Amino acid sequence: MNRSIRIAPSILAADFMRLGEQVKECEKAGADMIHCDVMDGHFVPNLTFGPPLIAQLHKTTKLPLDVHLMIEAPERSLDAYFKAGANAITVHQETCPHLHRTLSYIRSLGIQAGVSVNPSTPVEMLEPVLGSFDILLIMTVNPGFGGQTFLQSMLPKILQADSWRKEGVAEFSIAVDGGIDPLTTPLVVESGADLLIAGTSVFDGSIGDNIKRLREAAC
Ligand code: DX5
Ligand code: ZN
């Protein structure tokens with residue numbers, strides 16, 4: 001496998017009482033980004049954290065912060081997450097009636113723009129905005145919780161996204177989020193994913209060993 005695969009631990013599965021320490025362990029183990037799941041209790045049934053925690057993480061780690069906004073009306077919060085130190089902000093297609101405007105605004109801040117699709121949203125919904133984002137995040141579980149079972153039926157979406165890249169239509173990273181572990185990694189990597197977001201499989205047990213196992217599974 002020549003393509004470079006990046007690993008982004010999702011802190012949703014971290015021990016929040018030892019968050020700084022665990023993020024440092026991720027850094028030491030060669031993680032490429034820290035994935036931060038922001039949930040509002042409306043778009044998804046769970047509630048997590050907001051800009052103050054991102055600002056704390058920004059002070060704690062040199063790793064880029066990848067902020068995944070699972071919130072309604074994300075355009076209202078983009079400045080706050082940017083100021084807190086986000087290096088990439090991903091919004092959901094389902095929450096953005098003016099998706100092109102929102103993605104363009106994120107890029108205008110000088111950071112990476114990402115767009116995510118829920119399992120029930122066809123990836124073709126993004127065809128009109130190809131070229132306007134840096135990360136296409138394919139949800140491989142229904143968003144809201146960690147520790148769910150990977151949905152194998154999402155693999156054709158990854159293949160479709162990769163075929164857009166191969167045709168030269170646009171350049172972007174293909175991220176996958178939900179149920180990513182050493183068993184599912186080969187499936188998504190073979191289909192074209194190159195940014196692996198993983199919560200449970202990184203933070204359950206030894207972070208160093210877990211990241212190593214994911215990296216090996218991606219080869
Ligand atoms: C789910 C989140 C994921 C979550 C993945 O809504 O977007 O980032 O942390 O957790 P695992 O890897 O446990 O499925
Ligand atoms: Zn996520």
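Residues numbered from 1 in each chain as written. Chains lettered and ligands numbered in written order. Predicted model: local features only at pLDDT ≥ 70, side-chain atom pairs only at ≥ 80, totals over all residues. Heavy atoms only, no water.

**What about the sheet that holds strand 6 (residues 135-139)?**
Formally: Only when DSSP finds a minimum of two bridges between them are two strands counted as paired. Secondary structure elements are taken from DSSP: a helix is a run of H or I of four residues or more, a strand is a run of E of two residues or more, and numbering for both begins at the N terminus. Only C-alpha atoms enter the line fits that serve as axes; for helices the fit covers just the stretch in contact. Angles between N-to-C directions range over 0 to 180 degrees.
Taking strand neighbours across the sheet as the criterion, the eight strands line up as 1-8-7-6-5-4-3-2 in an open arrangement whose pairing is parallel. For this open sheet the edge positions go to strand 1 (6-9) and strand 2 (34-39), each flanked by a neighbour on one side alone. Within this sheet the neighbouring strands show an average axis-to-axis angle of 25°, counted without direction. Summarising the sheet, strand 5 (residues 112-117) and strand 6 pair through four bridges and their orientation is parallel. In the strand pairing of strand 6, V115 is matched with L136.

**Description of the coordination of the zinc ion (ligand 2)**
Keep this limit in mind: Donors, by definition, are the N, O and S atoms found within 2.8 Å of a metal, the threshold being 3.2 Å for Na, K and Ca, and water is not counted, so a site can look incomplete. When four donors show all angles between 85 and 135 degrees the site is tetrahedral, when four or six donors have opposite pairs over 155 degrees and all other angles between 65 and 115 it is square planar or octahedral respectively, and in every other case it is irregular. We call a residue buried when its accessible area falls under 20% of the maximum for its residue type, exposed when it is over 50%, and partly exposed in between, using a 1.4 Å probe and counting protein chains only.
Around the zinc ion (ligand 2), the donor atoms from the protein are H35 (NE2), D37 (OD), H68 (ND1) and D177 (OD), and they sit 2.0 to 2.3 Å away. Coordination at the zinc ion (ligand 2) is octahedral, judged from the six donor atoms that bind it and the angles of 69 to 169° they form at the metal. Given the relative accessible area of 0%, H68 is considered buried.

**Concerning the pattern of salt bridges**
What counts, and what does not: Any carboxyl oxygen of Asp or Glu that lies within 4 Å of a side-chain nitrogen of Lys or Arg is treated as forming a salt bridge with it.
Tallied over the entire structure, the rule returns nine salt bridges. Note that D134 and R107 form a salt bridge whose closest N and O atoms lie 3.0 Å from each other. Of this pair, D134 sits in the loop between strand 5 and strand 6 while R107 sits in helix 4 (residues 99-108), and the two are 27 residues apart along the sequence. Members of the salt-bridge network, linked through shared partners, are D15, R18, E21 and E25.

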